[in-house]
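Results of the structural survey
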Amino acid sequence: MTHKILIVDDEPNIVLSLEFLMKREGFQVAVAADGDAALEQVQAFAPDLVLLDVMMPKKSGYEVCEILRADPARSAMKIVMLTAKGRDTEVAKGLGLGADAYVTKPFSNKELVAQIKQLLAGG
Amino acid sequence: MSPWAVFLLAVGYLLLLFAIARFGDRRADQGRSIITANVYALSLAVYCTSWTFYGSVGRAASGGLGFLTIYLGPTLMLMLVPVILKIIRISKRERLTSIADFIAARYGKCQSLAGLVTVIAVIGIVPYIALQLKAIASSLQVLFPHGQGVSLLGLDTTAVIAIALAAFTILFGTRHLDATERHEGMVAAIAFESLVKLLAFLAVGMFVTFVLYDGFGDIFARAAAVPELSRLLGLEPSLASWTSLVLLSALAIILLPRQFQIMVVENVDEGHLRRSVWLFPLYLLLINIFVLPIALAGLLQGMPGNGDTFVLSLPLSQGRESLALLAFIGGLSAATGMVIVETIALSTMVCNDLVMPALLRVRALGLEQRSDLSRLLLNIRRVAIALILLLGYIYFRAAGEAHALVGIGLISFSAVAQFAPALFGGMYWKQGNRAGALAGLLAGFLIWGYTLLLPSFAKSGWISGDFVSQGLWGIEWLRAHALFGLEGFDEISHCLFWSLFFNLGLYVLVSLTVRPDAVEAGQANLFVDVFQRRVTQASRLLWRGRASYQALAGLLERFLGPERARQQLQSYARKRGLTQLENREVDAELVRFAEAQLAGAIGSASARVVLASVVEEEALDLDEVLNILDEASQIRAYSRELEKKSRELEAATRELRAANAQLRELDRLKDDFVSTVTHELRTPLTSIRAFSELLADDPGMEVVDRQRFLGIIVTETERLTRLINQILDLAKLESGRADWTASQVDLPALIRHAATAMEQLFRDKAVALRLDCPDQPVLVMADQDRLTQVMINLLSNAVKFVPAGAGQVTVTLECTADRVRVSVRDNGPGIGPEEKEFIFERFRQGGNTLTDKPKGTGLGLPISRQIVEYFGGRLWVESELGQGAVFIFELPRKKDGTKTEQREERPHDPQDPDRR
């Protein structure tokens, strides 16, 4: 069965590269450019994993993560936070809000894919 | 009206006083004092004697409104609450029980000074007491004009009343020896008397004004119609006499022995003074309000006499006997109140300051061996009371109708006014000393006697009046009423001027020339600085010596009586939490306590003498005392210094804390900046790495994708480069290390140049660009490249935000005399009010959607603003949401023809390190 991945980022080029990468790995992919759109896509697309940028317009990644984690029906859904801010406090905040992993930009494609696969297999 | 009825009424009234006084004393013994603020204020009205009750009308009948001065002075004096409070505080702390004691204690507990004050007071006051007795006698004469008086055991009524007063005073004034010397029963009785005389006077006044006549207006109108009377309605012309009378009465309210007794010694609570400040003047107002109407009515009715008896004779002439009796009781209460308090005050002074010092000196009496002197002391006082009253009675009998009695009120006032320099000077001037006080008092007293007392004797015909009319030994400038040729004053003003002139002058001069002794210097400090707590501590340092507890206790027992002495010592120990007082070493505090107790009983001067008999005091010489006082004041100065230092430290700490907070804030901002820069740098890097890896992983990627991805990598690399350049640029601008060149810049040309550079971008998005600039040059002083950078930034912002196809951007240049304004208007989405300042911050960009996410670094506007401000201009935005935005910058205009002159707006100095 193909896993569904939702990519959320406000940088079109990053979205583009991630979309290409995930499709190549055989995942089903949907994209969103801000927090609100992300929440809508989670409803419509029901992804198994969300790649979530932190710094976004409208709703930040933290807020989106918090809302998603408040819904028990989606407890199985994995959340991987992506951020260009790599400070310890920010990592801790993301994990504290219930993210399953925290990846700092720029990242290695291979490592990201490995981490996603591991998370999906473990779930 | 039966004489016996009147006699019984008078006796009955005195018995009522006894009852009230007994009640007051009983309550005081039970610790439930009836002395409230109201009672205290009323008791102050002992100031209003029969001289007020009868005499005011007499003065008004002859002198018009002049009588009011006697009541204006006290009202003014009472406003000086801090002064009176200071007297009370000093007296309480030093256990001072009379004005003689007060002055003597201030000048080193000097017996001779105490004696002199006492002598002046007795000489000045005894005639005044006689005046009261005379008032009683003459009021009886009005009631019984045909001489059918009552005589008891061959004594006339006045004598009987004098004896009753002596009995009252002895009973309630000398119940026991107490360090506080308070007589609450007596005070209560005096307060009651004040009420009685006020009510009586008001009753007569209302009768005369509203029954006999038709109100104030009626009386005044009728009086105005009579030429001799109309002059009474005007003010006396003599300013000198008004001034001296106001001054005299202002001093008297404190310096008269009875006033000092009531106001200071009998004060139980300093707070009571505040009530008196308005209640006592109100009392004076009420008791004076009918004076003029009664005087005018008496004159209009053609009453006999000089007006002193109108209060009685007016009701009598109308057949109102009961009203006359009420007035008689009022006058009686005014007289008795004065006599009682004055006698107590004088007897205390006579006993403590004249008799005791004499007795202590006469060794033959064996006073040293007597185990209990308290009874002796009380007996001395009782005898003194009787003697003073007897003296008063004898003076009254001898002087009779003589002039000596008529003006005695003011003569007494003038006598006690001599205490003013020594008393007030001593409270506020540390240098004032004993020699000065003695010299001043003596001089003042002698001049008073020569210019006021003796002339009154002369007028009575007791002595020759030559010294008044021709001067002593025929020397003209020694004429008693024109001393040193000073003429044109009334006799009171004349006396007051010369006596106070010499009194004050000698006090100051001698004080400045003679060195005080050690005790004096210490006392001066205690008095002047009574409100400073450290003074008491310093005062302890001023005693050094040895004493045995037994000797000290024995001394107290002898003078206070064994029981009272034991009580006082026990309460002393209890208050300080000490046990076994008898086994402790006697310290300075205990000696001072004992001295204060003794001072309360026998006066401070005598107390010092008897204490010296049991205490081996190491005599401190003046220098030592001054050193100790100096140290105390140095400690004071030092601690002030410390307080100042610690305040400064606190201020410095506050400043440091503020600076630290500011630094923290800067640090946080810098941290945020670094974090933001990192974010901005990582974002393009992320794309570049991701696409590079994709390309590297997949060599067989389709050409289309490959081209597209490579294109993105190039764009993102450019973005990264631009970002790094701008960050460096901004950092340079902000740190002031940027390289600037300044030259004359033709702004319209610069705008056209920038527009040309941006042409392609506008054309790509199909946005219209309109320039509205004059053709001729408009010069500013600026850096050509930097300003172009600003212009391009504003244009690229505008084109970024306007809709493709329908976009319109207009650049306008306007000039005023000294400024040039360039505005760039677009028809984009506009900027909300909260974003207007926000967009000039670093890395903040307007616009929030992914679809039109502006491709900028977020540094363009901050950099532009730095550049414009560097050249003395400003950059801002005017906009409303949905209305487009106008970015405007203004620069100072370079004036034509001043090419040699440098810009005056902001000095252009690229090296200036402060430049931001």
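For clarity, every value in this text was computed on a predicted model and none was experimentally measured.

Moving on: the overall build of chain A. Scanning chain A from terminus to terminus reveals five helices and five strands. In sequence order, the secondary structure elements of chain A are arranged as β-α-β-α-β-α-β-α-β-α. Counting over 123 residues, chain A shows a buried share of 45%. A sequence separation of at least 24 residues applies to 58% of the contacts in chain A between residues at least 6 apart.

We now examine the overall build of chain B. The helix and strand inventory of chain B stands at 36 helices and 11 strands. Within chain B, buried positions represent 46% of all 916 residues. At a minimum sequence separation of 6, the contacts of chain B that also span at least 24 residues come to 80%.

Residues and elements named next belong to chain B. Residue-level pLDDT values for chain B average 80, and 87% of them are 70 or greater. Within the model, the stretch residues 847-854 combines pLDDT values under 50 with 14 contacts to residues more than four positions away or in other chains. Scored below 50 in pLDDT, residues 897-916 makes 17 contacts in the model with residues more than four places away or belonging to other chains.

Residue and element names in this part refer to chain B. Here strand E11 (residues 885-892) shows one buried face, formed by Ala885, Phe887, Phe889 and Leu891, and one open face, formed by Val886, Ile888, Glu890 and Pro892. Here seven bridges tie strand E9 (residues 819-826) to E11, and the two strands are oriented antiparallel to one another. Across the sheet, residue Arg825 finds its bridge partner in E11, namely Val886. Of the strand pairs in this sheet, strand E10 (residues 874-879) and E11 are connected by six bridges, and their pairing is antiparallel. Bridge assignment links Trp876 to a residue of E11, and that residue is Ile888. In this antiparallel pair of consecutive strands, E10 and E11, the connection spans five residues, and Gly882 shows a positive phi of 85°.

The next subject is unusual backbone geometry. Note that the residue after Lys105 of chain A, namely Pro106 of chain A, is joined by a cis bond; omega there is -10°. Of note, Pro106 of chain A is situated in the loop between strand E5 (101-104) and helix H5 (109-122). The backbone phi angle of Ala46 of chain A is positive, close to 45°, even though this residue is not glycine. Among the secondary structure elements, Ala46 of chain A is positioned in the loop between helix H2 (35-45) and strand E3 (49-53). The backbone phi angle of Lys109 of chain B is positive, close to 50°, even though this residue is not glycine. Note that Lys109 of chain B resides in the loop between helix H6 (99-106) and helix H7 (111-143). Given 25 C-beta atoms within 10 Å, Lys109 of chain B falls into the buried group.

Here the focus is the interface of chain A and chain B. With 20 residues of chain A in contact, the opposing surface of chain B contributes 19 residues. Counting residues per element, the side of chain A that touches chain B draws most heavily on helix H1 (residues 12-24) of chain A, at six residues.

A word on the environment of Arg479 of chain B. All names here are of chain B. For Arg479, the location among the structural elements is in the loop between helix H23 (466-469) and helix H24 (491-513). Classification of Arg479 as buried rests on a count of 22 C-beta atoms within 10 Å. Between the C-alpha atoms of Arg479 and Asp466, which are 13 residues apart in sequence, the distance is 8.6 Å.

The next thing to look at is the nonpolar core. Residues and elements named next belong to chain B. Ranked by size, the top nonpolar core spans 208 residues in total, and within it Ile103, Val117, Leu255 and Ile294 carry the most contacts. Once you skip the residues sitting within four places of it in the chain, Leu255 turns out to touch Ile99, Phe260, Val416, Ala417, Phe419, Ala420 and Leu423. In this structure, Leu795, Val824, Ile831 and Ile867 belong to the second largest nonpolar core, which totals 41 residues.

So, on to the sheet that holds E3 of chain A. Residue and element names in this part refer to chain A. The five strands lie next to each other as E2-E1-E3-E4-E5, forming an open sheet whose pairing is parallel. Edge positions in the open sheet fall to strand E2 (28-32) and E5, since each of these has one partner strand only. Each adjacent strand pair in this sheet contributes to an overall mean axis angle of 20°, direction not counted.

Residue and element names in this part refer to chain A. Relative to the helices and strands, Ala99 resides in the loop between helix H4 (88-96) and E5. The spatial distance from the C-alpha of Ala99 to the C-alpha of Leu68 is 9.9 Å, given a sequence separation of 31 residues. For Ala99, the residues in contact, after removing those within four places along its chain, are Cys65, Ile79, Val80, Met81 and Gly94.

All names here are of chain B. Following the sequence through the fold, Leu316 ends up in helix H16 (residues 310-317). Linking Leu316 and Leu143, residues 173 residues apart in sequence, is a C-alpha distance of 8.0 Å. In this view, Leu316 contacts Val142, Glu321 and Ala324; residues no more than four positions away in its chain are not counted.

The next subject is the packing of helix H29 (residues 588-602) of chain B against helix H30 (residues 604-614) of chain B. Residue and element names in this part refer to chain B. Running from amino to carboxyl end, H29 crosses H30 at an angle of 130°, the nearest separation of the two axes being 7 Å. With respect to H30, the element H29 is oriented oblique. Crossing hand, H29 versus H30: right-handed. The residues of H30 that touch H29, namely those facing Ala594, Glu595, Leu598, Ala599 and Ile602, are Ser604, Ser606, Ala607, Arg608, Val610 and Leu611. The residue inventory of the contact of H29 with H30, partitioned by class, reads seven nonpolar, two polar and two charged.

What follows deals with the packing of helix H2 (residues 37-44) of chain B against helix H14 (residues 272-288) of chain B. Residue and element names in this part refer to chain B. At a minimum axis separation of 8 Å, H2 and H14 run at an interaxial angle of 50°. When the interaxial angle is binned, H2 and H14 end up oblique. In the packing of H2 onto H14, the handedness of the crossing is right-handed. Every residue of H14 that contacts H2 at Ala37, Asn38, Tyr40, Ala41 and Leu44 is listed here: His272, Arg275, Ser276, Leu279 and Phe280. Residues of the contact of H2 with H14, tallied by class, amount to six nonpolar, three polar and one charged.

The next thing to look at is the sheet that holds strand E6 (residues 768-772) of chain B. All names here are of chain B. Pairing in this open sheet of five strands is mixed, and the strands run E6-E8-E9-E11-E10 from one edge to the other. Of all strands in the sheet, those with a lone pairing partner are E6 and E10, marking the two edges. Within the sheet, the average angular offset between the axes of one strand and its neighbour, ignoring direction, is 15°. Packing against the sheet, helix H34 (residues 784-801) makes contact with strand E8 (808-815), E9 and E11, and its axis sits at approximately 20° to E9. Those strands touched by helix H36 (residues 860-870) are E10 and E11, and its axis lies near 130° from that of E10.

Moving on, we come to the confidence of the model for chain A. Across chain A, the average pLDDT comes to 87, with 97% of residues at or above 70. Within chain A, the lowest mean pLDDT, 77, falls on H4 of chain A, and the highest, 94, falls on strand E1 (residues 4-8) of chain A.

Further remarks concern helix H15 (residues 291-300) of chain B. Residue and element names in this part refer to chain B. With eight of its 10 residues buried, H15 lies for the most part within the structure. Listed in full, the buried residues belonging to H15 are Val291, Leu292, Pro293, Ile294, Ala295, Leu296, Ala297 and Gly298. Lining the buried residues of H15 we find helix H3 (50-63), helix H9 (184-212), helix H10 (216-225), helix H11 (227-233), H14 and H16.

Attention now goes to helix H20 (residues 408-417) of chain B. Among the 10 residues that make up H20 of chain B, 10 are buried, leaving the element largely enclosed by the rest of the structure. Every buried residue belonging to H20 of chain B is among Ile408, Gly409, Leu410, Ile411, Ser412, Phe413, Ser414, Ala415, Val416 and Ala417 of chain B, and all of these are buried.

How each quantity is defined
- Residues numbered from 1 in each chain as written.
- Chains lettered and ligands numbered in written order.
- Predicted model: local features only at pLDDT ≥ 70, side-chain atom pairs only at ≥ 80, totals over all residues.
- Helix = DSSP H or I, 4+ residues; strand = E, 2+ residues; numbered from the N terminus.
- Buried ≥ 20, exposed ≤ 12 C-beta atoms within 10 Å, placed from the backbone.
- Contact = placed C-beta atoms within 7 Å.
- pLDDT = per-residue confidence, 0-100.
- Pairing = 2+ DSSP bridges.
- Core = buried A, V, L, I, M, F, W, Y, C linked by C-beta atoms within 7 Å.
- Axes fitted to C-alpha atoms, helices over the stretch in contact; angles between N-to-C directions.
- Parallel < 35°, antiparallel > 145°, perpendicular 65-115°, else oblique.
- Left-handed = near helix turned anticlockwise from the far one by under 90°.
- Nonpolar A, V, L, I, M, F, W, Y, C, P; charged D, E, K, R; others polar.

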